[in-house]
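Structural features, examined
So you can see what is in the structure, the chains are spelled out below.
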Amino acid sequence: MIGRTSAVVLLLLAVPALVGAQQAGPQAEVTALRERGRYGDAIAAARRANLAPALGELLRLTGQWEEAERVLRRATGERRPDSLLVVLELALLRHERGELAAAFRDFDRFIDAYNTARSLSSDELAAVGVAVQHLSVADPELARDALRAYDEAIASDPGNTEARLRVGALFLERYNGTEARATFEALLVRDSTNPRALLGLAKTARFEGSRRALELVRRSLAGNPNSVDARVFLAELHAEVGDYADARQELVRALAVNPRALPALSARAAVAWLAGDSTGYTAGRREVLGLNPRYAPLYITLAELAARHRLYEQAARFALEAVTLDSLAWRAHALLGINELRLGRMESGRARLERAFAGDPFDVWTKNTLDLLDVLERYPSRRSARFRFVADAADLDVLEPYLSPLAEEAWDRLAARYGGAPPAPVRIELFRRHADFSVRTVGLVGLGALGVSFGPVIAMDAPSARPRGEFNWGSTLWHELAHSFHLALSGHRVPRWFTEGLAVYEERQARPGWGDDLTPGFLSAYRQGRLLRVSRLNDGFVRPAYPQQLGFSYYQASLVCELIAAERGFDALVAMLRAFGEGRETPAVFRDVLGTDLDAFDRRFTAWLEERFATQLAALASHGDAQTGPPTRVGTAERARRNPGDFFAQLAMGQQLIRDDQPAAAVPYLERAKALFPEYAEDDGPYRLLAQAARQRGDLPRAAAELTAMMAINERAYDARLELAEVVLALGDSAAALRALDDALYIDPTELGVHTRLAELAEWRGDARLAVRERRAIVALDPADPADAYYRLARAELRAGDRDAARHAVLRALELAPGFDAALEFLLELRGERD
Amino acid sequence: MRAAAIALALGVAVPAAAQTSVLVVSGLGGEPRYQAAFRATGFAVVDAAVHRLGVPPARVRYLAEETAGDARVAARSTKENVAAALQTLAGAAKGESLVLIVFIGHGSARGGEAYINLPGPDLSAREFAGLLARLPTQRVVVVNTTSASGDWVLALAGPGRIVVTATRSGVEREETLFGQHFATALATDEADRDKDGRLSVLEAFEYARREVARVYERDQRLRTEHALLDADGDGIGTLEPDVAGGDGALAAVTYLDAGVGLTVGDAASDLAAVRDSLQRAVVALRGQKDRLPAADYERRLETLLLELARVSRELRAREGRQP
């Protein structure tokens, strides 16, 4: 029994001869022609063979709705073996035209057909699947019945490719990428060029965030250049990355095949809207709704593409339009909820998502996000002048004393630089689990990023979400806040490459050492021609061609901003931001603001990069003496001797000598390596090793200098900062020690020992406010001896002049340890009862 | 830990110190880094017992893998020597006194039996339970810090015994951190959470358990050790004991340090009784914290604590102590 039951059995009365209807002869020919996009020939063949369902489908797929209806209606009056398939085609036609009530009445009949028929052919079972799949929009459980019908269709005829394709599409529609991929891949094992299987796999790849989508859809189109679905999909891929001309071209070709293709018309309207063509958008929207007044996917397409371009407010508005048109458009409910959450409207966003989930419990994005909201609800929040911070209580207590001043400082500095600011407050969420941050951002786990800015909302990993040394949460926060400024100042129209480059550039302005640095890998990619031209730099973010390209693109984009700032001033970057906000695309912005075209800028950028990094490029050049096989002491020494200008050869020799406990001998090699590639400041690099060598010979000032230089480059070097603090303290420079330890807190604020050292140093230097901050952090970190921690905090509070806070803290100490003599005495002291 | 110093300052007897005996056994390391680590932990426990807990050196016995090079090691940590040491303890430790036994090293669980790896034949939990029968009247605290030590709880459980293990079962076989943090608990003031100057088994256990958890969390590693405490002798260990009841309550009133049996004048005794009463009142008020309005709670707490502070000040003055 499938789905709901009905007392009226309409269909089977008319289909006594259904059993054994198999696809063969003319049907096979029609299918083959259709699969390769030869629709005209397929229509002719279907007419010749009187294959009404196939003919009806082909006419519908080519926009000949009236003719399709005529053919199908005529067929319904005949006693035909394929009448069930005719009913389906008629229902699909009605559905496409927006005659939803009639379409669903027809789909409903298939349930009874299935439940009462003695047997159905494979094609009929697949038809039941299609009908039930459509019905599942109102009753999500029916999706399982649809799958069962498809499975039975395949069991009845293992060669039923249509049923297998439907299974794959059903899995994808229900957010099961793994099963969808397996299904399409199995089809491709049988027919490696099957265009629809390739398209299904391409769509699955996009769902899973794989970069193969583009390649797969192109392969699909090679098999069927007239596939409207594939053209629309490709157009959307282009539109996602802002290639509107390419998108339009694909849609022209799609509409040449089917001028009434609603997905193509919707995508055309969306591309017009994205490109700022309001006339084109209005006309496109009118055309779609003229053909199907209840076509919610128009607005769903708009909402999805708007969100891809970070136009969240507009995405929410489009999604609202979609649910207004069709209250069963669950995807639209979900998009509305997700985008409201991105805008910080937590209550209404949650309500929308709950509605979406009730309608479509398969939507893993919605499910994950609702689960995440349960987590977020348990998170406390704190306010500062321009921010609301939300994080796990344990993280927030520790972070807040650093978070709030840093965010406020960033706001002030960015507002001064850009001459404007986003609406306050900005909501900053810090997630203890990276998976939660990932769900907040993309609905699924597995996102590699550290943070994301939606404009009014910033989500990022809390320091506790990643192993120490993986990232600097301070620079990440600064970076994301810079995005919020860029989005606000450009009306969310700044392209990804520009805002990322500018945000990294801002990190560098914030603190010495923050922001991405030059790496040997970046210059190697440059030399191999694997970096993107500025005109294509956005691809490096939204469609990276190889795993490292994303990281390289961040750095490259920051260099582009650096070059512009150096030659045209920072105001030019602000002007570019505003020009993007006016809807201009990258070439126009370069032309209008910088007075150059992209080709010329690319040439200038290349020349600048070659000049700026001439030493490093030469140091990485092949010296005809590359390392082959496992390194040996002799080989390493010989390589270093023969290649004094080779960074890696010099570094390897320096490292080897350090390992061999010959620090004095290592120094010249490490010095050369540092001069050849000064940006290389990893723990195994010249700075750290030179510091080590200096300490071994007792040269603490030199060690301090090397570590200070390293800190000015590497924002993640935690241990080096602690080592620097130790060295400069030994040199009597407590201020420098404080700076180094404070700096380390932006990498990992959870180490009790660092806070204790900072507190003691602050107390020793008489910096009462800093001592209070650190004593508070110690209490927040759940120390082994909490009573003692509260007692010391109480003393610090009193020294800072806050008697009430001191009283509160000492009461906490004594609440835990009523026998704590020193704290009892301090309580009396606070009351003025001196011993 | 201030108890021993206080006692010396007053020139009074510290009878409980004389009642405490300590046996430390560190097993086979297998490789140099473990040998060094086990030995270091063993010495840390021994030194803490003498210098912080106030146990006379004669009552502290350390059996280690290697005996050479340090007079603190009494003998090799073979099964026979462990048995002999227990026999000695049985002869020396009086009834009602406390015997602390700490195992350090690699553990294993095989064939339904739990072992500590020792030079020569390994010692099983069951065998050790048999040896403990020689201490029928003493209060025995066994702390097994080895890997796969969880099954020792059931094997050793009994009246008058507290058993602590580094792991919750024989399945947790990875190297443990519990031992070094337990040693730190014995050696520093940090573990004395209630600041009463004494270190209870519960405080030491809680300190080590929390610090182990902190390390795993900091390093973002999956936790492979979950310490157990069984104090009521039912053979069921508790992962997070509560001072309010069960294993936690019993462990909270069992002290590892030398008890401070201060003998002072009657007036001071009366004051001490008042002080103790006020401390109990604070603890009782703390139990009502969630039920009382915050301001009311704070006011009552401060009133009690001020009274306690004044009484404590007077008591210290009579005892000639500094806070």
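Here the structure is a predicted model, which means the values were calculated and not measured. (Residues numbered from 1 in each chain as written. Chains lettered and ligands numbered in written order. Predicted model: local features only at pLDDT ≥ 70, side-chain atom pairs only at ≥ 80, totals over all residues.)

Let us look at the overall build of chain B. Across its full length, chain B carries 11 helices and 10 strands. Relative to the globule expectation of 20 Å for 323 residues, the C-alpha radius of gyration of chain B, 21 Å, shows essentially globular dimensions. Across its three principal directions, the C-alpha atoms of chain B cover 60 × 45 × 35 Å. Across the 323 residues of chain B, 48% fall into the buried class. Sequence separation of 24 or more characterises 66% of the internal contacts of chain B that already satisfy a separation of 6 or more. (Helix = DSSP H or I, 4+ residues; strand = E, 2+ residues; numbered from the N terminus. Rg over C-alpha atoms; globule rule 2.2 N^0.38 Å. Buried ≥ 20, exposed ≤ 12 C-beta atoms within 10 Å, placed from the backbone. Contact = placed C-beta atoms within 7 Å.)

Note: interface size is frequently given as the accessible area lost on complex formation between the parts. Each partner contributes residues to the interface: chain B has 27 residues there, and chain A has 21 residues. Mapped by element, the contributors of at least two residues to the side of chain B that touches chain A are α8 (201–219), α10 (266–287) and α11 (294–319) of chain B. For the side of chain B that touches chain A, the leading source of residues is α11(B), giving 11 residues.

Turning to unusual backbone geometry, a few remarks are in order. Residue and element names in this part refer to chain A. A cis amide bond links A424 to the next residue, P425, at an omega of 0°. Secondary-structure assignment places P425 in the loop between α22 (393–418) and β3 (426–431). Positive phi outside glycine occurs at R310, with the angle close to 65°. With respect to the helices and strands, the residue R310 is situated in the loop between α17 (297–308) and α18 (312–325). Of note in the backbone geometry, H492 takes a positive phi value of approximately 65° without being a glycine.

This paragraph deals with the sheet that holds strand β7 (residues 123–124) of chain B. All names here are of chain B. Pairing in this open sheet of 3 strands is antiparallel, and the strands run β5-β6-β7 from one edge to the other. Where the open sheet ends on each side, the last strands, each with one partner, are β5 (107–110) and β7. Bridge count for strand β6 (residues 113–116) against β7 is 2 bridges, and the pairing is antiparallel. Across the sheet, residue Y115 finds its bridge partner in β7, namely S124. (Pairing = 2+ DSSP bridges.)

Parsing chain A into structural domains produces domain 1 (1–174) and domain 2 (387–444 + 461–613). Distance from the C-alpha centre of domain 1 of chain A to the C-alpha centre of domain 2 of chain A: 51 Å. (Domains from an automatic or database assignment.)

Let us look at the packing of α22(A) against helix α24 (residues 473–489) of chain A. Packed helices, taken two at a time, are described by their axes: the angle between them and the distance between them. Residue and element names in this part refer to chain A. It is at 10 Å that the axes of α22 and α24 come closest, and there the two elements cross at 40°. In terms of their interaxial angle, α22 and α24 are classed as oblique. Relative to α24, α22 is oriented so that their crossing is right-handed. Across from L406, A407, A410, W411, L414 and Y418 in α22, the residues of α24 making contact are G474, L477, W478, L481, A482, F485 and L489. Tallied by class, residues from the contact of α22 with α24 come to 12 nonpolar, 1 polar and no charged. (Axes fitted to C-alpha atoms, helices over the stretch in contact; angles between N-to-C directions. Parallel < 35°, antiparallel > 145°, perpendicular 65-115°, else oblique. Left-handed = near helix turned anticlockwise from the far one by under 90°. Nonpolar A, V, L, I, M, F, W, Y, C, P; charged D, E, K, R; others polar.)

Here the focus is the pairing of strand β9 (residues 161–165) of chain B. Residue and element names in this part refer to chain B. Among the 5 residues of β9, 5 are classified as buried, and the element is accordingly described as predominantly covered. As paired elements, strand β8 (residues 139–144) and β9 share 5 bridges and run parallel to each other. If you follow V142 over to β9, its bridge partner there is V163. Sheet topology note: the β9/strand β10 (residues 228–230) ladder contains 3 bridges and is antiparallel. Within β10, the residue paired with T165 across the bridge is L228.

Looking now at the sheet that holds β9(B). All names here are of chain B. Here 7 strands make up an open sheet; going across it, the order is β3-β2-β1-β4-β8-β9-β10 and the pairing mixed. Taken across any chain shown, the strands that pair with only one partner, and hence form the sheet edges, are β3 (75–76) and β10. The strands touched by helix α3 (residues 32–52) are β1 (20–26), β2 (60–64) and β4 (98–104); relative to β1, the strand with the most contacts, the crossing angle is about 175°.

To continue, consider the confidence of the model for chain B. Residues and elements named next belong to chain B. Predicted confidence across chain B gives a mean pLDDT of 88, with 91% of residues reaching 70 or more. Here residues 1–18 scores under 50 on pLDDT; set against residues more than four positions off or in separate chains, the count is 40 contacts. Overall, residues 260–265 carries pLDDT values under 50, and its contacts beyond four positions in sequence, including any with other chains, amount to 14 contacts. Both scores are given for the predicted complex: the pTM is 0.84, the ipTM 0.79. (pLDDT = per-residue confidence, 0-100.)

The next thing to look at is the domain arrangement of chain B. Domains assigned within chain B are domain 1 (3–252) and domain 2 (266–319). Look at where the C-alpha atoms of domain 1 of chain B and domain 2 of chain B centre, and you get two points 34 Å apart.

What follows is about the packing of α17(A) against α18(A). Residues and elements named next belong to chain A. Where α17 contacts α18, the axes come no closer than 8 Å and their chain directions differ by 165°. Between α17 and α18, the angle is such that the two are roughly antiparallel. Here α17 and α18 pass one another in a crossing that is left-handed. Counted together, Y299, I300, L302, A303, A306 and A307 of α17 and Y312, Q314, A315, F318, A319, E321, A322 and L325 of α18 form the full contact between these two elements.

Our next topic: the environment of L502(A). Residue and element names in this part refer to chain A. Take L502: it is sitting in helix α25 (residues 496–510). For the pair L502 and L532, spaced 30 residues apart in sequence, the C-alpha to C-alpha distance is 17 Å. Once you skip the residues sitting within four places of it in the chain, L502 turns out to touch A482, H486, C561 and L573.

Before going further, it helps to examine the pairing of β4(B). Residues and elements named next belong to chain B. Taking burial as the measure, the 7 residues of β4 include 7 buried ones, the bulk of the element. Residues L98, L100, V102 and I104 line one face of β4 and the alternating positions V99, I101 and F103 line the opposite face, and both faces are buried. Inspection of the sheet shows β4 paired to β8 by 6 bridges, in the parallel sense. Residue I101 lies in a different strand from β8, and its bridge partner there is V142.

Here D189(B) shows up in the loop between α7 (178–187) and α8. Residues D189(B) and L199(B), spaced 10 residues apart in sequence, show a C-alpha to C-alpha distance of 8.5 Å.

For chain A, the mean per-residue pLDDT works out to 92, and 95% of the residues sit at or above 70. The low-confidence segment residues 4–22 of chain A (pLDDT under 50) makes 38 contacts with residues lying over four places distant or belonging to another chain.

Residues and elements named next belong to chain A. Taking 1.5 Å as the rise per residue, helix α9 (residues 161–173) with 13 residues should run 18 Å; its terminal C-alpha atoms sit 18 Å apart, in good agreement. Most of α9 sits inside the fold, with 11 of its 13 residues counted as buried. Here α9 has its buried residues at E162, A163, R164, L165, R166, V167, G168, A169, L170, F171 and L172. On the buried face of α9, the contacting elements are α7 (122–135), α8 (142–156), α10 (177–190) and α11 (195–207). Two residues or fewer after α9 comes Y175, characterised by a positive phi angle close to 65°. (Expected span 1.5 Å × (residues − 1).)

Note that soluble globular proteins tend to have their nonpolar side chains buried in a common cluster. Residues and elements named next belong to chain A. Ranked by size, the top nonpolar core spans 287 residues in total, and within it Y299, A303, A319, A322, A332, V810 and A813 carry the most contacts. Tallying contributions element by element places helix α15 (residues 262–274) first for this core, with 10 residues. Excluding residues within four positions of it along the chain, A322 makes contact with A296, Y299, I300, A303, A329 and A332. (Core = buried A, V, L, I, M, F, W, Y, C linked by C-beta atoms within 7 Å.)

With that settled, the discussion passes to helix α30 (residues 586–594) of chain A. All names here are of chain A. When α30 is considered as a whole, its buried residues turn out to be T586, V589, F590 and V593. Seen along its axis, α30 keeps its buried residues to an arc of 100°; they face one direction. For α30, the elements touching its buried residues are α29 (570–581) and α31 (598–612). Positive backbone phi, approximately 65°, marks G595, located one or two places after α30. (Arc of directions from axis to C-beta.)

In this section: the environment of V132(A). Residues and elements named next belong to chain A. With respect to the helices and strands, V132 occurs in helix α7. Residue classification places V132 among the buried residues on the basis of 28 C-beta atoms within 10 Å. C-alpha separation for the pair V132 and R144, spaced 12 residues apart in sequence, amounts to 9.2 Å.

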